[in-house]
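Structural overview for review
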Amino acid sequence: MEYRSLGRTGVMVSPLCLGAMNFGGPTSEADALIILNRALEAGVNFIDTANVYTGGDGERIVGTFLKEGGKRDQVVLATKVYSRMGTLPNDAGGSRYHVITACEDSLRRLQTDHIDLYQQHRPSLTIPQDETLRAYDDLVRSGKVRYIGSSTFPAWMVMEALAISERYGLVRFISEQPPYNLLDRRVENEMIP
């Protein structure tokens, strides 16, 4: 397997990342464990999930696999935060309250003491980015998160976040995970260039 740097970090990841969006439905837990095992055997060392995937089951299944198999140190573990995880007003979004609470919940489901790449699943248009970035900065400084990234952000918001991080000396996004497929090629307009 060929490995590449994750963004501007020294962390080496496989060029293919195993996504766990369907683990727990429609992919059964038993099948997910087989998929995870085969991926690691093939040299994949990058696993991506999110707190919202199958109501948290995606994280739980990945966490069980890594803990019971003693494989946590073999992978770069990525998860995401933003989507609604409950019925209360603060159970979603990019507020400091939600980011920190969701991180603790993800750590429990993943059965680990740290997340290698914690990504904001969607941009928040109602919360100032400095509030969100300060929450991520605190999580990194506490050792619960190693790096942060964005997902589905427009180019201008990525640049705004980088400028805010530079201005205030906060941790910065090291990656952007955009949708990119035959039907959705928007990323070619501004993000890739």
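See the structure printed just above.
Quick look at the structure, then. Because the structure is predicted, anything quoted here is derived from the model rather than measured. Positions within a chain are numbered from 1, following the residues in the order the chain's sequence is written. Two thresholds apply to this predicted model, a pLDDT of at least 70 for residue-level local features and 80 or more for giving and counting side-chain atom pairs, whereas whole-chain, interface and lining totals are computed over all residues. Each side-chain value is derived from all of the structure's non-hydrogen atoms; neither hydrogens nor water enter the calculation.

Quick notes on the overall build of the chain
Test applied: Secondary structure counts use DSSP, requiring at least four H or I residues in a row for a helix and at least two E residues in a row for a strand, with both numbered from the N terminus. Only protein chains enter the accessibility calculation, which uses a 1.4 Å probe. A residue is then buried if its area is under 20% of the maximum for its type, exposed if over 50%, and partly exposed in between. The criterion used for residue contact is that any of the two residues' heavy atoms lie within 4.5 Å. Shrake-Rupley sampling with a 1.4 Å probe provides the accessible areas, and residues are treated as covered by the protein chains on show and by no other component.
Looking only at helices and strands, one finds 5 helices and 8 strands in the chain. Secondary structure elements in the chain, listed N-terminal to C-terminal, are β-β-β-α-β-α-β-α-β-α-β-α-β. With respect to the three principal axes, the spread of C-alpha positions in the chain is 45 × 40 × 35 Å. Residues classed as buried in the chain amount to 47% of the 193 residues present. Long-range contacts, defined here as pairs at least 24 residues apart, represent 73% of the contacts in the chain between residues at least 6 apart. For the chain, the exposed surface amounts to about 10000 Å²; the carbon and sulfur share of it is 52%.

Topic: the side chain of Ser 151
Operational definition: Any N or O atom pair separated by 3.5 Å or less is treated as a polar contact, with the protein-specific requirement of one donor-capable and one acceptor-capable atom, and with residues adjacent in sequence counted only for side-chain atom pairs.
The residue Ser 151 is located in strand 7 (residues 145–151) in this model. Only 3.0 Å separates the side chain of Ser 151 from the backbone oxygen of Gln 177, close enough to count as a polar contact. The contact partners of Ser 151, leaving out residues within four places of it in the chain, are Lys 80, Gln 120, His 121, Arg 122, Pro 123, Glu 176 and Gln 177.

A closer look at the packing of helix 4 (residues 129–141) against helix 5 (residues 155–168)
Here is the rule we go by: Every axis in this analysis is a line fitted to C-alpha atoms, fitted for helices over the stretch in contact. Angles between the N-to-C directions lie between 0 and 180 degrees. Definitions for this section: a left-handed crossing has its near helix turned counterclockwise from the far helix by less than a right angle. A right-handed crossing has that turn clockwise. Here the term charged refers only to Asp, Glu, Lys and Arg, the term nonpolar to Ala, Val, Leu, Ile, Met, Phe, Trp, Tyr, Cys and Pro, and the term polar to all other amino acids, Gly among them.
One way to put it is that helix 4 packs onto helix 5 with a least axis distance of 10 Å and a crossing angle of 65°. In the crossing of helix 4 with helix 5, the sense of the turn from one axis to the other is right-handed. The segment helix 4 lies against helix 5, with Gln 129, Asp 130, Leu 133 and Arg 134 engaging Met 157, Glu 160, Ala 161, Ile 164, Ser 165 and Tyr 168. For the contact of helix 4 with helix 5, the class distribution of residues is 5 nonpolar, 2 polar and 3 charged.

Focus: the sheet that holds strand 4 (residues 46–48)
Put simply, the test is: Only when DSSP finds a minimum of two bridges between them are two strands counted as paired.
A sheet is described by the order of its strands in space; here 6 strands give the open sequence 3-4-5-6-7-8, paired in parallel fashion. Across the chains shown, the open sheet's two edge strands, defined by having one partner strand only, are strand 3 (18–19) and strand 8 (173–177). Summarising the sheet, strand 6 (residues 115–120) and strand 7 pair through 5 bridges and their orientation is parallel. Bridging from a neighbouring strand, Gln 119 pairs with Gly 149 of strand 7. Against the sheet, helix 3 (residues 96–110) makes contact with strand 5 (76–81), strand 6 and strand 7, and its axis sits at roughly 140° relative to strand 6, the strand it touches most. On top of the sheet, helix 4 reaches strand 5, strand 6, strand 7 and strand 8; it is set at about 150° to strand 7, its chief contact.

Coordinates in, geometry out; function isn't part of it.
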